[in-house]
Amino acid sequence: MEFAHQAERKAFSVAIDGALKHVKKDREKSFLQLIDLAEKFMDGDKLQKEDYDKARELVKNSDGKWMKYADRILNEVDPHVVKMTALNLGFEAFFYGTKRINQMRKIHNCNIPWLLLVDPTSACNLHCTGCWAAEYGNRMNLSYEELDSIITQGKELGVYLYMYTGGEPLVRKDDIIRLCEKHDDCEFHAFTNGTLVDDAFCEEMRRVGNLSLSISLEGFENANDGRRGDGCFERVMEAMDRLKAHGLVFGTSICYTRNNVEAVTSDEFLDMIIEKGCRYAWYFHYMPVGNDAAPELMPTMEQRVYMFHRVREIRALEGGKPIFAFDFQNDGQFVGGCIAGGRNYCHINPNGDVEPCVFIHYSGANIREVSLLDALKQPLFMAYREGQPFNDNLLRPCPMLENPELLQEMVARTGAKSTDLQCPESADHLCGKCEAYTAEWAPIADELWEQEMEKKRKKKEMVH
């Protein structure tokens, strides 16, 4: 099996080289070749022929928004980085990894994630208001050997995408580069405040080619520095300039709150980050996690509806902006609801606790005591597996924010413990902060969901 895997990777690598070699002469032909290759390798998987045909239509529209987006990447990103991204994120994670994960799910009868989110450290050089990571303290670390073991075990299950959070993961930048070198068949990504990005690190990123960044940004200078500290915005802008100059792939990680929703989705803000070289924007709904959380920062219902429509507008095939935007909370309909608990991802904190979600700090397994596979079979994760999706309305995906009674029940039933080492928070306390929000959002979400289902029905009728 491993021999066949390596042979396929080699064939894919040669095909990528061929496409990239001719991409300046005939980009349309090169892209179509890559789509044909992807369809061949993904034979029998979830994607249908019509999905590949749609991709071909996008490529043939040379004046379209997304072909211009692709052109800009090819013009501005280092060729080695482009190739490594195509190989590791494309072939390994999407193609080979997806098949392997599906096999492992059947064999082991449990959730196997498509990506692992890992905290190398709880240390951070900033002290941002409302940061959930702060509840882990600032003295915990996973050793290089532990991180290496997690990745090695993950690859055996088919996991080839690893994301780092913290703390500030770039406090451990040397170990992160070492892991990129050793596991050069994996794609790595770090959520960072950006203040530790210097030219030397950019050179290392370009050399390994398999590490990208999402830089935290909460708006323009006043809003961002009000939460992150004076001068942080300027340092982020400088980091983006460096990353772009070195031909690297990066985007933004944006926590939207009641105070900044409109600013971080404005044309002015998006134009700024696009010009700086951002290729994507992750939007995360503020979660009232931790005893010191501020529920008053949670978006209003009007603001959440606005985010639902605005992010779809930003990334539409036409109009919007040439940047790919994800909304972790409002995009549940595209991924089948909650993806946590190992269904598509899970979180390993800097103490080694294996948690269902970066926002759900409860666990019954620690990677220092059990294997990754056994951690994925812990009672809390099996309860997630049994309960997903937690709501038929996929605009109400979360067992905490939109269905808090379910998280309370799962934690109580499975005996999972709080992983907050400084000030443990009970599931009842956490979920209690969400109950009013849940009641207010439910009828609005149900109306939105019915509208989405009606659009789907009409589209199906038109096809037939």
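- The name an unreviewed UniProt entry assigns to the chain is Anaerobic sulfatase-maturating enzyme, from the organism Eisenbergiella tayi.

Digging into the domain arrangement of the chain
- Under the domain assignment, the chain is made up of domain 1 (1–96) and domain 2 (110–437).
- Facing 21 residues of domain 1, the contacting portion of domain 2 comprises 30 residues.
- Of the roughly 2,100 Å² buried at the junction of domain 1 and domain 2 (both faces included), carbon and sulfur atoms supply 56%.
- Between the two partners, domain 1 and domain 2, sit two salt bridges.
- The shortest N-O distance in the salt bridge between R72 and E275 comes to 3.8 Å.
- Counting every contact that joins domain 1 to domain 2 gives 14 residue pairs in polar contact (both at pLDDT 80 or more).
- Within the residue set of the side of domain 1 that touches domain 2, elements represented by two or more residues are α1 (2–21), α4 (65–76) and α5 (79–108).
- The residue makeup of the side of domain 1 that touches domain 2, split by class, is 11 nonpolar, four polar and six charged.

Description of the sheet that holds strand β8 (residues 345–348)
- Overall, mixed pairing links the nine strands, which are arranged β7-β6-β5-β4-β3-β2-β1-β8-β9 in an open sheet. At either end of the open sheet lies a strand with only one pairing partner, and these are β7 (324–327) and β9 (354–355).
- This element, helix α6 (residues 144–157), spans β1 (115–118), β2 (161–164), β3 (187–192) and β8 of the sheet and lies at about 150 degrees to β2.

As for the environment of V77
- As for its position among the elements, V77 is in the loop between α4 and α5.
- V77 gets classed as buried once you look at its relative accessible area, which sits at 4%.
- Each C-alpha atom, one on V77 and one on C180, is 18 Å from the other, the two residues being 103 residues apart in sequence.
- Those residues in contact with V77, other than ones at most four positions away along the chain, are V82, G247, L248, V249 and R279.

A short note on the pairing of β1
- The side-chain alternation of β1 yields two buried faces, one formed by L115 and L117 and the other by L116 and V118.
- Sheet topology note: the β1/β2 ladder contains four bridges and is parallel. Pairing of L115 across the sheet is with L161, part of β2.
- Bridge analysis of β1 against β8 gives four bridges, and the strand direction is parallel.

Comments concerning the packing of α1 against α5
- The contact between α1 and α5 brings their axes to 10 Å, and the two run at 140 degrees. Between α1 and α5, the angle is such that the two are oblique. Crossing of α1 against α5: the hand is right-handed. Together, H5, E8, R9, F12, S13, I16, D17 and L20 of α1 and P79, V82, K83, A86, L87, N88, F91, E92, F95 and Y96 of α5 make up the contact between the two elements.
- Across the contact of α1 with α5, the residue classes tally to 10 nonpolar, three polar and five charged.

Brief notes about unusual backbone geometry
- Omega for the peptide link from G166 to G167 comes to 20 degrees, which places this bond in the cis form.
- One can find G167 in the loop between β2 and α7 (173–182).
- In this structure, the amide linkage connecting Q388 to the following residue, P389, adopts the cis form with an omega of -10 degrees.
- On the secondary structure map, P389 appears in the loop between α15 (379–387) and α16 (404–414).
- Unlike most non-glycine residues, N109 shows phi in positive territory, near 55 degrees.
- By the secondary structure assignment, N109 is in the loop between α5 and β1.

Observations regarding the packing of aromatic side chains
- Going through the model one piece at a time under the given rule, you end up with 18 aromatic pairs.
- When the centroid spacing of 5.4 Å and the interplanar angle of 70 degrees are considered together, the rings of F12 and F95 count as edge-to-face. Linking F12 in helix α1 with F95 in helix α5, this pair joins segments that are 83 residues apart in sequence. One exposure class covers both F12 and F95, and it is buried.
- Each residue in the set W66, Y69, F191, W282, F284, F324, F326, F328, Y345 and F359 is aromatic and connected to the rest through ring pairs, giving one cluster.

What counts, and where the lines are drawn
- Within each chain, residue numbers correspond to sequence positions counted from 1 in written order.
- A pLDDT threshold of at least 70 governs which residues receive local features in this predicted model, and a stricter bar of 80 or more applies before side-chain atom pairs are shown or counted, although totals over entire chains, interfaces and linings include all residues.
- The side-chain quantities take in all heavy atoms of the structure and omit both hydrogens and water.
- All the domain ranges listed were derived from an automatic or database domain assignment.
- Pairs of residues are marked as contacts when any of their non-hydrogen atoms sit within 4.5 Å.
- Computed with a 1.4 Å rolling probe, the buried area is the accessible surface lost when two parts are put together, summed over both parts.
- For this analysis, a salt bridge means a side-chain nitrogen from Lys or Arg found within 4 Å of a carboxyl oxygen belonging to Asp or Glu.
- Two N or O atoms form a polar contact when they lie within 3.5 Å of each other; inside protein one atom must be a possible hydrogen donor and the other a possible acceptor, and for residues adjacent in sequence the pair counts only when both atoms belong to side chains.
- Secondary structure follows DSSP: runs of H or I at least 4 residues long count as helices, runs of E at least 2 residues long count as strands, and numbering of each begins at the N terminus.
- Amino acids outside the nonpolar list (Ala, Val, Leu, Ile, Met, Phe, Trp, Tyr, Cys, Pro) and the charged list (Asp, Glu, Lys, Arg) are all regarded as polar, and Gly is one of them.
- In this analysis, strands are considered paired if DSSP registers two or more bridges between them.
- For every element, the axis is a line fit to its C-alpha atoms; helices are fit only across the contacting stretch, and the angle between N-to-C directions ranges from 0 to 180 degrees.
- We call a residue buried when its accessible area falls under 20% of the maximum for its residue type, exposed when it is over 50%, and partly exposed in between, using a 1.4 Å probe and counting protein chains only.
- Small angles under 35 degrees read as roughly parallel and large ones over 145 as roughly antiparallel, with 65 to 115 read as roughly perpendicular and the rest as oblique.
- In this scheme the crossing of two helices becomes right-handed for a clockwise turn of the near helix relative to the far one and left-handed for an anticlockwise turn of less than a right angle.
- Ring pairs shown here join Phe, Tyr and Trp side chains whose ring centres sit within 6.5 Å, with only the six-membered ring taken for Trp; geometry is labelled stacked below 30 degrees between planes, edge-to-face above 60, and tilted in between.

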